[in-house]
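One-letter residues, chain by chain:
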There are 2 protein chains.
Amino acid sequence: MTARTSTETARDIPEATVARLPVYLRALTTLLDEGTTTCSSEDLAGAAGVNSAKLRKDLSYLGSYGTRGVGYDVEYLHFQIAREIGVTHDWPVVIVGIGNLGHALANFSGFRSRGFRVVALLDADPSRHEEQVAGIDVRPFADLGEIVREHGVAIGVIATPAAAAQDVTDAMVASGITSILNFAPAVLAVPPGVDVRKVDLSIELQILAYHEQRKAQGDPADPSEPAEAPEEATA
Amino acid sequence: MTARTSTETARDIPEATVARLPVYLRALTTLLDEGTTTCSSEDLAGAAGVNSAKLRKDLSYLGSYGTRGVGYDVEYLHFQIAREIGVTHDWPVVIVGIGNLGHALANFSGFRSRGFRVVALLDADPSRHEEQVAGIDVRPFADLGEIVREHGVAIGVIATPAAAAQDVTDAMVASGITSILNFAPAVLAVPPGVDVRKVDLSIELQILAYHEQRKAQGDPADPSEPAEAPEEATA
DNA sequence: AGGAGTTTGTGAACGTGAGAACAAAACCGA
DNA sequence: TCGGTTTTGTTCTCACGTTCACAAACTCCT
Ligand SMILES: NC(=O)c1ccc[n+]([C@@H]2O[C@H](COP(=O)([O-])OP(=O)(O)OC[C@H]3O[C@@H](n4cnc5c(N)ncnc54)[C@H](O)[C@@H]3O)[C@@H](O)[C@H]2O)c1
Ligand SMILES: NC(=O)c1ccc[n+]([C@@H]2O[C@H](COP(=O)([O-])OP(=O)(O)OC[C@H]3O[C@@H](n4cnc5c(N)ncnc54)[C@H](O)[C@@H]3O)[C@@H](O)[C@H]2O)c1
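Computed from a prediction, not measured in an experiment: that's the story for all the values here. (Residues numbered from 1 in each chain as written. Chains lettered and ligands numbered in written order. Predicted model: local features only at pLDDT ≥ 70, side-chain atom pairs only at ≥ 80, totals over all residues. Heavy atoms only, no water.)

K.L.:
Mind laying out the protein's contact with DNA strand C, listing which residues take part and the relevant values?
P.N.:
Lining the immediate environment of DNA strand C, one finds 25 residues, of which A:Lys57, A:Arg68, B:Ser41, B:Arg56 and B:Tyr72 sit closest. Backbone atoms, meaning sugar and phosphate, make up 65% of the atoms of DNA strand C lying within 4 Å of the protein. In the model, a phosphate oxygen of DNA strand C is placed 2.5 Å from a nitrogen or oxygen of the B:Ser41 main chain. B:Arg68 places a polar side-chain atom, nitrogen or oxygen, 3.0 Å from a sugar or linking oxygen of DNA strand C. Every element with two or more residues in the surface near DNA strand C is listed here: α1 (15-33) and α3 (52-60) of chain A together with α3 (52-60), β2 (66-67) and β3 (71-73) of chain B. (Near = heavy atom within 4 Å. Polar contact = N/O pair within 3.5 Å; in protein donor to acceptor, adjacent residues only side chain to side chain. Helix = DSSP H or I, 4+ residues; strand = E, 2+ residues; numbered from the N terminus.)

Next up, the structure:
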């Protein structure tokens, strides 16, 4: 009990904090590009669009990487957050469903620059297999297992129609994938130990529509909207 | 103070509930398509991938639309949720930035079927203005104000590079748009009264990577992962 | 009509997250 | 060396969200 266990990072970071770390990482990247070497929690919080107290608390879960009276070393903090998230090395990723969205994702340069590498594009439609997208061959969906084994893929992206999403999920899980990013509007069933995150355009728009309706429907001059406070923009 | 104010739906629904209503709506659409006329909270919760107690509590914010001992009338509940969200009529939407992602969004059929109508595609690059995407002309970004006024647009979608996102935002706000869905990896500054939601692929992947790293790094056989419980899939 | 069986709606307990406030720790200048 | 200034790390409190558990309300069958 006296000695720390074998894993060095034995703390468990709150989920809300984990979701913000990538935002901080991006803000730090911007600061690095601008040549900034040091920043205060106030600076970084502004760039990330959050409260500075919240930022400091978030960072405190990783350790004490700041210096009181000075602030944080941008490069050092960037590395520490990248290490904590696990993007100091690239993660291999497969994309399934190379339609409208799949094409856009395959061409997305941000993948590579943020710790991910697309190792394969898969589609069930044989007419797609002639194609190359972003310099990568589109391959038959049946090759999934082989590709996952060969590259040690842990993360899969689903960009198929909703009707196919569960089948694709099951195949991914069977092949050894344990993290899935789902763009299809479907609720996926997965066994324990597999993480699913969804990106859903329609849901986001409907949430906006709800608030929009309230603005219009309620008092025409109701300032009680919980809108974002004006903040610095970051790339 | 004795009489209720003019607005009928004066309750304020928790934000977490608002974010789930679209999921319920979609599950109900599926049930409707299957010809189901009635469902219990257990059924619907399964289809939506949530706890049934949470579902009932969420619905209770809208009113008492169920019947004890029976369940909910699928069609009636669908209408009530759609009305609450505000998607009984279509919302006009503009998309700015018709590159890789913008093309995919313009071609996305789910817009129309879920309460939204793309009234214009805008891009700053003149070479794009020759183009038609999904039967809609790509127009100069300068036309934004005119289009917003003409169609009464309240919702804008940003699919430009991050560097342009704040400028686009400012122009949108100036033209009268009060809800923005942002796909660019940038923190946007907006005045009070304007809502911003972001969709960020890189952040989602990095969150997955964090958990993935934990699975691998910690004990190789650690079942303490807070993974999704197996649930029914829905279209 | 009445009792058994179902399922909703909600009060209460619990857990997580946000923000204010401040002591501790560093730097700086004389 | 020492007081003043700055900024972090942390504690405390409040608000929000989740889940349990159960009374109220409804149906169905006898
Ligand atoms: N296009 C968008 O902007 C957008 C936005 C949000 C969500 N989505 C969702 O993303 C998904 C894809 O959208 P899209 O517009 O690219 O659709 P799409 O029809 O253009 O592409 C789907 C692709 O998936 C492939 N596919 C179908 N079944 C498959 C299977 N079992 N295994 C492998 N591949 C399979 C098809 O061959 C096709 O190439 C849909 O679920 C859609 O609702 C799209
Ligand atoms: N491609 C993807 O799958 C993907 C995924 C996630 C996020 N994103 C983000 O979405 C955004 C767009 O990505 P993309 O791949 O489509 O990029 P892209 O370069 O293909 O398209 C950007 C488009 O925006 C236009 N544009 C630039 N400045 C503009 C301005 N000031 N006003 C109006 N239009 C302007 C350009 O002319 C271009 O057509 C980027 O911020 C990217 O990071 C893309």
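There is more to say, and it comes next.
K.L.:
Please set out the site of ligand 2 residue by residue, giving values where relevant.
P.N.:
Near ligand 2, the surroundings consist of 24 residues, among which B:Asn100, B:Leu101, B:Asp123, B:Ala159 and B:Thr160 are the closest. Surrounding ligand 2 are residues belonging to chains A and B, so the site spans chains. Taking A:Leu105, its main chain carries an N or O atom lying 3.4 Å from an oxygen atom of ligand 2. B:Asn100 is positioned such that a nitrogen or oxygen atom in its backbone is 3.0 Å from an oxygen atom of ligand 2. Looking at the shell around ligand 2, the elements that each hand over two or more residues are α5 (100-106) of chain A together with α5 (100-106) and α8 (162-175) of chain B. Here the shell around ligand 2 takes 3 residues from α8(B), the largest share from any one element. Looking at side-chain class alone, the shell around ligand 2 contains 17 nonpolar, 4 polar and 3 charged residues. (Nonpolar A, V, L, I, M, F, W, Y, C, P; charged D, E, K, R; others polar.)

K.L.:
Which residues make up the protein's contact with DNA strand D, and what values go with them?
P.N.:
In the region of DNA strand D, 27 residues are neighbours, and A:Ser41, A:Arg68, A:Tyr72, B:Arg20 and B:Arg68 sit closest. The sugar-phosphate share of atoms of DNA strand D within 4 Å of the protein amounts to 68%. Measuring from a phosphate oxygen of DNA strand D, one finds a backbone N or O atom of A:Ser41 at 2.5 Å. Side-chain polar atom of A:Tyr72 to a phosphate oxygen of DNA strand D: 2.8 Å apart, as the coordinates give it. At 4 residues, α3(B) tops the list of elements feeding residues into the surface near DNA strand D.

K.L.:
Which residues make up the pairing of strand β4 (residues 91-96) of chain B, and what values go with them?
P.N.:
Residue and element names in this part refer to chain B. Counted residue by residue, β4 has 6 buried out of 6 residues, so it is predominantly covered. The sheet contact formed by β4 and strand β5 (residues 116-123) spans 6 bridges and is parallel. If you follow valine 93 over to β5, its bridge partner there is valine 118. (Buried < 20%, exposed > 50% of the residue type's maximum accessible area, 1.4 Å probe, protein only. Pairing = 2+ DSSP bridges.)

K.L.:
Can you tell me about the relation of the copies chain A and chain B, naming the residues and giving the values?
P.N.:
Note on the copies: chain A fits chain B at an RMSD of 0.0 Å, the axial shift is 0.0 Å, and the rotation between them is 180°. Put plainly, the chains are arranged around a two-fold axis. Interface overlap between copies: 100% of the residues of chain A at the interface are likewise at the interface in chain B, consistent with a symmetric, same-surface contact. (Least-squares fit on C-alpha atoms with pLDDT ≥ 70 in both. Contact = heavy atoms within 4.5 Å.)

K.L.:
A description of the environment of B:Gly152 should follow, citing residues and the corresponding values.
P.N.:
Its place among the elements puts B:Gly152 in the loop between α7 (144-151) and β8 (155-158). Beyond its immediate sequence surroundings of up to four residues, B:Gly152 is in contact with B:Pro92 and B:Ile147.

K.L.:
So, the packing of aromatic side chains: which residues are in play, and what are the values?
P.N.:
All names here are of chain A. Inspection of the entire model under this criterion finds 4 aromatic pairs over all chains. Between tyrosine 65 and tyrosine 76, the aromatic rings sit 5.6 Å apart at their centres with planes inclined by 85°, giving edge-to-face as the arrangement. Of this pair, tyrosine 65 sits in the loop between α3 and β2 (66-67) while tyrosine 76 sits in helix α4 (residues 74-85), and the two are 11 residues apart along the sequence. For tyrosine 65, a relative accessible area of 17% gives the class buried. (Phe/Tyr/Trp six-rings, centres within 6.5 Å; stacked < 30°, edge-to-face > 60°.)

K.L.:
So what's going on with the interface of chain A and chain B? Residues and values would help.
P.N.:
Each partner contributes residues to the interface: chain A has 84 residues there, and chain B has 84 residues. Both sides together, the interface formed by chain A and chain B hides about 7200 Å², and carbon and sulfur atoms give 61% of it. When the buried surface of chain A facing chain B is broken down by residue, A:Val187, A:Gln206 and A:Leu208 rank first, second and third, together holding 10% of it. The interface formed by chain A and chain B contains 6 salt bridges. As a salt-bridge pair, B:Asp200 and A:Arg26 come within 2.7 Å of each other at their nearest N and O atoms. There are 24 residue pairs in polar contact (both at pLDDT 80 or more) connecting chain A and chain B. Taken together, the residues of the side of chain A that touches chain B sort by class into 48 nonpolar, 18 polar and 18 charged. (Buried area = accessible area lost by both parts, 1.4 Å probe. Salt bridge = Lys/Arg side-chain N within 4 Å of Asp/Glu carboxyl O.)

K.L.:
Quick one: what's the story with the packing of α4(A) against helix α9 (residues 201-217) of chain B, residue by residue and with numbers?
P.N.:
In the contact formed by α4(A) and α9(B), the axes pass within 7 Å of each other and the chain directions differ by 65°. Considering their axes alone, α4(A) and α9(B) lie roughly perpendicular with respect to each other. In contact with A:Arg83, A:Glu84 and A:Ile85 of α4(A), α9(B) contributes B:Gln206, B:Ala209, B:Tyr210 and B:Gln213. Its residues assigned to classes, the contact of α4(A) with α9(B) shows 3 nonpolar, 2 polar and 2 charged. (Axes fitted to C-alpha atoms, helices over the stretch in contact; angles between N-to-C directions. Parallel < 35°, antiparallel > 145°, perpendicular 65-115°, else oblique.)

K.L.:
An account of the sheet that holds β4(B) is needed here, citing residue identities and associated values.
P.N.:
Residues and elements named next belong to chain B. Taken in spatial order, the 7 strands make up an open sheet running β6-β7-β5-β4-β8-β9-β10, and their pairing is mixed. The sheet terminates laterally at β6 (132-133) and β10 (195-198), the two strands that pair on one side only. Here α7 sits on the sheet in contact with β4, β5 and β7 (136-140), set at roughly 165° to β5.

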